[in-house]
Amino acid sequence: MRIDVLTLFPPAFDGGPLDVSIIKRARDADLLDLQVHDIREHATDKHRSVDDYPFGGGQGMVMRVDVLDAALQHVRARAAEPGLVVYLSPQGEVLTDAIVRELATEPRLILVCGRYEGVDERFVEHCVDREISIGDYILTGGELPAMVLIDAVARHIPGALGDEVSPEDESFADGLLEHPQYTRPAEYRGWQVPDVLLSGHHANIEKWKKAQRVERTRARRPDLLP
Ligand code: SAM
């Protein structure tokens, strides 16, 4: 899978969470081809401006449609696959496991990170396929949301998690939260691991896990239950 990111701050993607562990391994194995591009390279005036005052007044600056469109066209032409254009935006549909799975089926994603007051609406109308939010709060830019989306999507690329872990065993995969997890030591400061997990009785363990998943979901996220 190929993911292109358009940002005003490419260094935000250097040496961060996309450069370690599972995502790094996926990139090293060419399962994920992540390319980061500087929107400012497509500014045309002598000040290299990428933003301007909002028409009609109001606070802050708005990212320019002409610069964004030029950046997108340039990046799009760098691979045969046109790619699905996603603008990270607090006004978009809120990212869920279901959306992550849909995005993971795309051969190429082009992620656009906004800054300031956001982007000129004409860019959204004419160039963006999907607007995606990572939650109902405002961040200073789309870079962290893009990283969240990339991390979540990359886990679904076949082979990215290795052989031992499956995204189907995680919370949300079947609509429930995961059961609680424990590891050694079996007792610590008098805090015990549930007996059933030490019993070696596989059928009982599976029954316990299922009951825990239902109970947790009912207690913490009743909205997920049918
Ligand atoms: N003026 C915009 C509004 O009120 O809807 C907020 C702009 S925000 C300060 C700047 C940029 O950060 C946005 O263009 C978007 O790319 C990104 N951003 C902020 N919060 C986000 C969120 N919850 N999800 C996804 N992107 C977000």
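Everything here concerns the structure above.
As the structure is a prediction and not an experimental result, all values here were calculated from the model.

Would you mind going over the layout of surface pockets with me for this structure?
Over the atoms a probe the size of a water molecule is rolled, and this reveals where empty space is left. Reported here for the largest pocket is a volume of approximately 450 Å³. The set of elements that each furnish at least two residues to the lining of the largest pocket consists of strand S5 (84–94), helix H4 (121–127) and strand S7 (130–133). Broken down by element, the lining of the largest pocket gets its largest block of residues, 5 residues, from S5. Each residue belonging to the lining of the largest pocket can be placed in one class, and the counts come to 12 nonpolar, 9 polar and 4 charged. As a volume, the second largest pocket reaches approximately 310 Å³. When residues of the lining of the second largest pocket are assigned to their parent elements, the largest contribution, 4 residues, is made by helix H3 (residues 97–104). Counting residues domain by domain, the lining of the second largest pocket receives three or more from each of domain 1 (2–154) and domain 2 (171–224).

Sorry if this is basic, but what is going on with the site of the ligand here?
Around the ligand sit 21 residues in total, of which Tyr 87, Leu 88, Gln 91, Gly 114 and Tyr 137 are the nearest. Here an oxygen atom of the ligand sits 2.6 Å away from a polar atom, N or O, in the main chain of Leu 88. Leu 139 places a main-chain nitrogen or oxygen 3.0 Å from a nitrogen atom of the ligand. The protein chains hide 86% of the 580 Å² of surface that the ligand would expose on its own. In a pocket analysis with a 2 Å cut-off to the grid points, the ligand is assigned to the largest pocket. Elements with a contribution of two residues or more to the shell around the ligand: S5 and S7. The residue inventory of the shell around the ligand, partitioned by class, reads 10 nonpolar, 9 polar and 2 charged.

Any chance you could explain unusual backbone geometry here in plain terms?
Glycine aside, residues mostly have negative phi angles, and peptide bonds mostly take the trans form. The peptide bond linking Arg 184 to Pro 185 adopts the cis configuration, its omega dihedral lying at 0 degrees. Mapped onto the fold, Pro 185 is located in the loop between helix H5 (143–154) and strand S8 (187–188). Backbone geometry at Ser 21 places phi at a positive 55 degrees, although glycine is not the residue there. Assignment of secondary structure puts Ser 21 in helix H1 (residues 21–28). In this structure, Asp 30 is a non-glycine residue whose phi angle is positive, near 60 degrees. Along the chain, Asp 30 turns up in the loop between H1 and strand S2 (33–38).

Just to check I follow, could you spell out the packing of aromatic side chains for this structure?
Between two aromatic rings, the relevant description is the distance of the centres plus the angle of the planes. The full count for this structure, using the stated rule, is 1 aromatic pair. Between Tyr 188 and Trp 191, the aromatic rings sit 5.4 Å apart at their centres with planes inclined by 75 degrees, giving edge-to-face as the arrangement. On the accessibility criterion, Trp 191 (52% relative accessible area) is exposed.

Please explain a nonpolar patch on the surface as it appears in this structure.
On the surface, a nonpolar cluster with roughly 300 Å² of combined accessible area is contributed by Tyr 137, Leu 139 and Leu 144. Position of Leu 139 among the secondary structure elements: in the loop between S7 and H5. Using a relative accessible area of 35% as the deciding quantity, one classes Leu 139 as partly exposed.

I would appreciate a short explanation of the nonpolar core in the present structure.
Nonpolar side chains in soluble globular proteins tend to be buried together. Counting residues in hydrophobic clusters, the biggest one holds 29 residues, and the most contacted among them are Ile 3, Leu 32, Leu 103, Leu 109, Leu 111, Leu 149 and Ile 150. If you list the elements that add at least two residues to this core, you get strand S1 (2–7), H1, S5, H3, strand S6 (108–113) and H5. Among the elements that take part in this core, H5 stands out by supplying 6 residues, more than any other. In this structure Leu 111 touches Ile 3, Asp 4, Val 5, Leu 6, Val 86, Leu 88, Ala 146, Leu 149 and Ile 150, once residues within four positions along its chain are discounted. Met 63, Val 67, Leu 68 and Val 119 belong to the second-largest nonpolar core, a separate cluster that totals 20 residues.

About the thresholds
- Residues numbered from 1 in each chain as written.
- Predicted model: local features only at pLDDT ≥ 70, side-chain atom pairs only at ≥ 80, totals over all residues.
- Heavy atoms only, no water.
- 1 Å grid on protein atoms, 1.4 Å probe; cavity = no way out; pocket = protein on both sides within 12 Å on 5 of 7 lines; lining within 4 Å.
- Points joined across faces, edges and corners; volume = space filled by probe spheres on them.
- Helix = DSSP H or I, 4+ residues; strand = E, 2+ residues; numbered from the N terminus.
- Nonpolar A, V, L, I, M, F, W, Y, C, P; charged D, E, K, R; others polar.
- Domains from an automatic or database assignment.
- Near = heavy atom within 4 Å.
- Polar contact = N/O pair within 3.5 Å; in protein donor to acceptor, adjacent residues only side chain to side chain.
- Areas by Shrake-Rupley, 256 points an atom, 1.4 Å probe, with all protein chains shown as cover.
- Sits in = over half its atoms within 2 Å of the grid points.
- Phe/Tyr/Trp six-rings, centres within 6.5 Å; stacked < 30°, edge-to-face > 60°.
- Buried < 20%, exposed > 50% of the residue type's maximum accessible area, 1.4 Å probe, protein only.
- Patch = residues over 30% accessible without salt bridge, like charges linked within 9 Å, V, L, I, M, F, W, Y side chains within 5 Å.
- Salt bridge = Lys/Arg side-chain N within 4 Å of Asp/Glu carboxyl O.
- Core = buried A, V, L, I, M, F, W, Y, C linked by side-chain atoms within 4.5 Å.
- Contact = heavy atoms within 4.5 Å.

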